[in-house]
Structure formats: structure tokens, C-alpha cells
Amino acid sequence: MTTPKKLFIKTYGCQMNVYDSERMAEALGGQGYVETKTAEDADMILLNTCHIREKAAEKVYSELGRLKPLKADNPNLKIGVAGCVAQAEGAEIMRRQPAVDLVVGPQSYHRLPAMEERVRAGQTALDTDFPEEDKFDHLKSRPKARRAPAAFLTVQEGCDKFCAFCVVPYTRGAEVSRPADKLLTEARDLVERGVREVTLLGQNVNAYHGGMTLADLIRALAKIDGLERIRYTTSHPNDMDDDLIATHGEVEKLMPYLHLPVQSGSDHILKRMNRSHTAESYLRLIERIRSVRPDILMSGDFIVGFPEETDADFEATMQLVREVRYGYAYSFKYSSRPGTPAAERADVPAEVADARLQQLQALITQHQREIQNSMVGRDLSVLIEKQGREAGQMVGKSEYLHAVHVENCSASVGDIVPVRITEGKTNSLAAQMR
Ligand code: SAH
Ligand code: SF4
Ligand code: F3S
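Owing to the predicted nature of the structure, the values given are computational and were not obtained by experimental measurement. (Residues numbered from 1 in each chain as written. Chains lettered and ligands numbered in written order. Predicted model: local features only at pLDDT ≥ 70, side-chain atom pairs only at ≥ 80, totals over all residues. Heavy atoms only, no water.)

(A) Broad picture of the overall build of the protein. Within the protein, the secondary structure is distributed over 14 helices and 19 strands. In terms of overall size, the protein behaves like a compact globule, its C-alpha atoms giving a radius of gyration of 22 Å where 434 residues would be expected to give roughly 22 Å. By principal-axis analysis of the C-alpha atoms, the protein measures approximately 60 × 55 × 45 Å. Evaluated residue by residue, the protein yields a buried proportion of 56% over its 434 residues. Of all intrachain contacts in the protein linking residues separated by at least 6 positions in sequence, the fraction that spans at least 24 positions is 72%. In the protein, which carries 56 positive and 62 negative side-chain charges, the distance between the mean positions of the two groups comes to 3 Å. (Helix = DSSP H or I, 4+ residues; strand = E, 2+ residues; numbered from the N terminus. Rg over C-alpha atoms; globule rule 2.2 N^0.38 Å. Buried < 20%, exposed > 50% of the residue type's maximum accessible area, 1.4 Å probe, protein only. Contact = heavy atoms within 4.5 Å. Lys, Arg positive; Asp, Glu negative; His and termini not counted. Charge placed at Lys NZ, Arg CZ, Asp CG, Glu CD.)

Structure representation (C-alpha cells):
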């Protein structure tokens, strides 16, 4: 028997990259690779990259510089770049860092086995096409290995929205939905491997149209025995239709958590961002969602310091946050991205943007803490994901996606246990079994 080659994948960016990294590991499993957790003993290193902000993209080059010397120790080592930087920069990556053997865009992962053979033969391989076929169709699956109880399932990719600041429509291409029957089969397979919770992923997941709507896909998934929890992310306000809202009141397995980015609370800025919704229409939407599911925990994304953002525009964002009260929210300083329409516009001074970011993050953190602390004394259920640091402690997630440490816990990984929340900590909750 030949010894297996070792694969190290480092994943940056969004959850879709996490899902893709798992699929790449499966594809290369068919080429005789097993995964390793350290770059030092790998025969193949893949960086699955993110291009969303300048810092994210630059990180890749510094990481490649750090990895390059490993080639001196292991002449068999091949280095590849996948993901959104690969798509955006293509051959430029090999010019900037000649230690790179392989560059593969997110739409071409089913072609990885052939690319691997090319680089093993001493050549370089580059593929940033947008092929027609479903990139997940041809992947060789490993034996039915046990999976962690919470899994991602990509149902939709790409984006047609073209927000003025965003690279995703260019790096991931046009919106494509995977066929519902394949997704239901994949979900049943995940359940057989021990999965109890799936998070349906897409850059615009609620624009899903793979033979049925997202609402109907959720209803169909809810019928799978053994699948106990369903979530979906990321949604766009314009695709949040009445039927999908209704599922939040109707489908018990659909968890009361919704990530619905708005980006700004100023209509002027929203217009300049090409978001095609207003702050008011967004607030009314949340009102409708809360009318069917009053306890839903809202999550969002914000960009501060977008070109032309005034103090009044920023105050409108603060006001919107005060009205919504997010359980989680992610806020970013605007980063100008090459090729996007907003890149042509004058930036807000960095110190102004920094100050706004601090102010917004302080408000968001305050709400996050308050909402988390309001869970104390409540009876929730926790999907157990792993052992905790202390004896007898198990760690999992509540319905609202809070991390929960269950003390003196007799349950196993994969169990969903009833608990009472006893304490709010900085980034988690403590609980006792009921
Ligand atoms: N498809 C999702 C996520 C896109 S990227 C959506 O539409 O919501 C995740 C987040 O990164 C965005 O919601 C936005 O807040 C942020 N982002 C995207 N481009 C950015 C940029 N150029 N500068 C700063 N933040 C950005
Ligand atoms: Fe980017 Fe906008 Fe598409 Fe989200 S909806 S991926 S922010 S272009
Ligand atoms: Fe980043 Fe690409 Fe995801 S740019 S956020 S990895 S879609």
C-alpha cells in the first residue's frame, strides 16, 4: 500500500468557503490524500481565500510568503490557491508568488483531481472558468464518514444584485441554484452520518429557485426524520417573500435566527450602494417577521464609511440599529475593491470611518450582551457539539445560535438537550440540564 499524501486546507472568508473546503478534501481524497492539521507535514497546501475586503486579500500573499520555505524541506510539496482571490486575480497570483503551483476558482473544484495530476507532473495548473455543470456533481465522495452534528449545505451560489461595493458577483458569478432533489438526497445522507442541524448556504440564499422556492425546500427538509434543526444564510431583504416569512411561524424545525444584512440605515447611502430597498421597508419587513415569530433573533451586516456617508447618514444607521436591536451584527469599515462601481468614488477620511465603526460596534455589543443576558433563567434546548474544557461540561448551540456550556452534562455529542440558562458570560451562556 502506498502511504497517503497529506492535504492541508486553510479556509478564509464566509461559510460557503467552509463548505467548499470540505468538498475539495473529498475530491482530493479520491487522489489518495488525507487531511492534516499542520502545513509543515503537508504534500499539498490549499488556501481557500476571500476577496471581500482589501485586508482579506492581502493576508493571502503574506501567508504564501510564510509557506514558501516549506518547499525546501519537502520537495514534493505543492501549493494551491482556491476561492475568491483565485477567481479575482488568476495568473497574477503565480506572478506575484512563483511558489504557487495551482490556482482554482470557486466554480471549478470538480476539476481539482485533474489539476492535481498536472502539478504532480511538474506543471502549473490554472482554472478560473465558470463551467456550466454543477461543481459538486463530480466530486468523489469518501466512505460514509461520521460527521459533526451541525453541517452546512450550499443550495445556491453567486449573486446578481451588484451592490456597488461588493466583489461577490464577480468572484462567484451569476446566481445559480442547485436542484432541490439533489439537496434533499444530500441532506438525507448527512443525517445518516449523524447530522442533526443543517444551515442552508447561499450568497443570496432566499433567492433560491432550484425547482422549488426556499420556503418549500425548508418544508421538504423538515419532513426528514432525524433532521431536527434548519437554518439558512445569507438573505437579501428584497427576496424575503411572504411565503418564506410564513415558514418562520409554521415550521417548528426552522430555528428562530435570521441573518438579514441591511448595510446602512440611510436611504441616500442605500441608493448609492445599489441596494434597492429603504431603511423603512427593511424595518417593516422585520416587523412582519416578528409578527409570525416574536422571539426571532435578528442578525445583520453593516458597512460604515461608504463614500459620501455624512454624520447624518451614519446617525440613521445608529437609529436603525436601536430600532432593530440585533442579537448579533457584523460591522465593517468600507474597503474599496478594484472593479466595483464604488471604487471610483472618493473615500470618507479613514479617521472618520474608524470613529464611526467604534461607535457602531459599541452599540451593537451593548445589544448583543443585553439579549444574551436576557436568556438567563430561560428554558432552551442545546444541540451538543463537543466536550467543554471543564470536567462534565459539554458545549453546544441554543436555538438562537448562542454558544452554551452545559455543566454536569450526561448527554453525548449530537443530542439535543433541554437546559435552563444560569449565567451570561462574555461570548457564551452557562446552563444546567433540566
Ligand atoms: N451575500 C451576503 C454577504 C456578502 S459579504 C449579503 O449580501 O449579505 C458579507 C458582508 O461583507 C456584507 O454583508 C458586507 O457588509 C461586507 N462587505 C462586502 N463588501 C465590502 C466592502 N467592499 N467593504 C467592506 N465590507 C464589505
Ligand atoms: Fe454582495 Fe450585495 Fe450580492 Fe450580498 S447582495 S453578495 S453584498 S452584491
Ligand atoms: Fe469572501 Fe468569497 Fe465568501 S469574497 S465572503 S469567500 S464569497
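(B) Structural detail: helix α10 (residues 242–250). Those residues of α10 that sit buried are L244, I245, T247 and H248. Buried residues of α10, viewed axially, fall in a sector of 150°; they line one side. Of the exposed residues in α10, those oriented more than 90 degrees away from the buried face are D242 and G249. Tucked into the core, α10 has its buried residues touching α9 (214–222), β11 (229–233), β12 (257–259) and α12 (279–292). (Arc of directions from axis to C-beta.)

(C) Highlighting the site of ligand 3. Residues in close proximity to ligand 3 include C14, N17, T49, C50, H51, I52, C84, R172 and Q203, which together make up its full environment. A per-class count over the shell around ligand 3 returns four nonpolar, four polar and one charged. (Near = heavy atom within 4 Å. Nonpolar A, V, L, I, M, F, W, Y, C, P; charged D, E, K, R; others polar.)

(D) Quick peek at the domain arrangement of the protein. Here the protein is described as being made up of domain 1 (5–135), domain 2 (136–374) and domain 3 (379–433). For domain 2 and domain 3, the distance between their C-alpha centres works out to 25 Å. Opposite the 16 residues of domain 2 that make contact, domain 3 presents 21 residues. When domain 2 packs against domain 3, the two sides together hide about 1,500 Å² of surface, and 57% of this comes from carbon and sulfur. The largest per-residue losses of area from domain 2 upon contact with domain 3 belong to P149, R229 and Q372, which jointly make up 40% of the total buried on that side. Taken together, the connections running from domain 2 to domain 3 amount to zero salt bridges. Applying the counting criterion to the domain 2 and domain 3 interface returns nine residue pairs in polar contact (both at pLDDT 80 or more). (Domains from an automatic or database assignment. Buried area = accessible area lost by both parts, 1.4 Å probe. Salt bridge = Lys/Arg side-chain N within 4 Å of Asp/Glu carboxyl O. Polar contact = N/O pair within 3.5 Å; in protein donor to acceptor, adjacent residues only side chain to side chain.)

(E) Representation of helix α14 (residues 350–373). The end-to-end C-alpha distance of α14 is 34 Å, a good match for the 34 Å that 24 residues give at a rise of 1.5 Å each. What α14 keeps buried is the set A353, R356, L357, L360, L363, I364, H367, I371 and Q372. Taken together, the buried residues of α14 touch β13 (297–304), α13 (311–324), β14 (328–333) and β19 (429–433). (Expected span 1.5 Å × (residues − 1).)

(F) Representation of the site of ligand 1 in the model. For ligand 1, the set of nearby residues contains 14 residues, the closest of which are F165, Q203, Q263, D301 and S335. A distance of 2.7 Å separates an oxygen atom of ligand 1 from a polar atom in the side chain of Q263. Within the side chain of D301, an N or O atom sits 2.7 Å from an oxygen atom of ligand 1. For ligand 1, whose unbound accessible area comes to 540 Å², protein coverage reaches 89%. Only β13 and β14 provide two or more residues apiece to the shell around ligand 1. (Areas by Shrake-Rupley, 256 points an atom, 1.4 Å probe, with all protein chains shown as cover.)

(G) Spatial organisation of the environment of M240. Among the secondary structure elements, M240 is positioned in the loop between β11 and α10. The class of M240 is buried, set by a relative accessible area of 4%. On a C-alpha basis, the gap between M240 and A207 in space is 8.3 Å, while along the polypeptide they are 33 residues apart. Setting aside its immediate chain neighbours within four residues, M240 contacts N206, Y232, S235, I245, H248, L258, L260, L285, R288 and I289.

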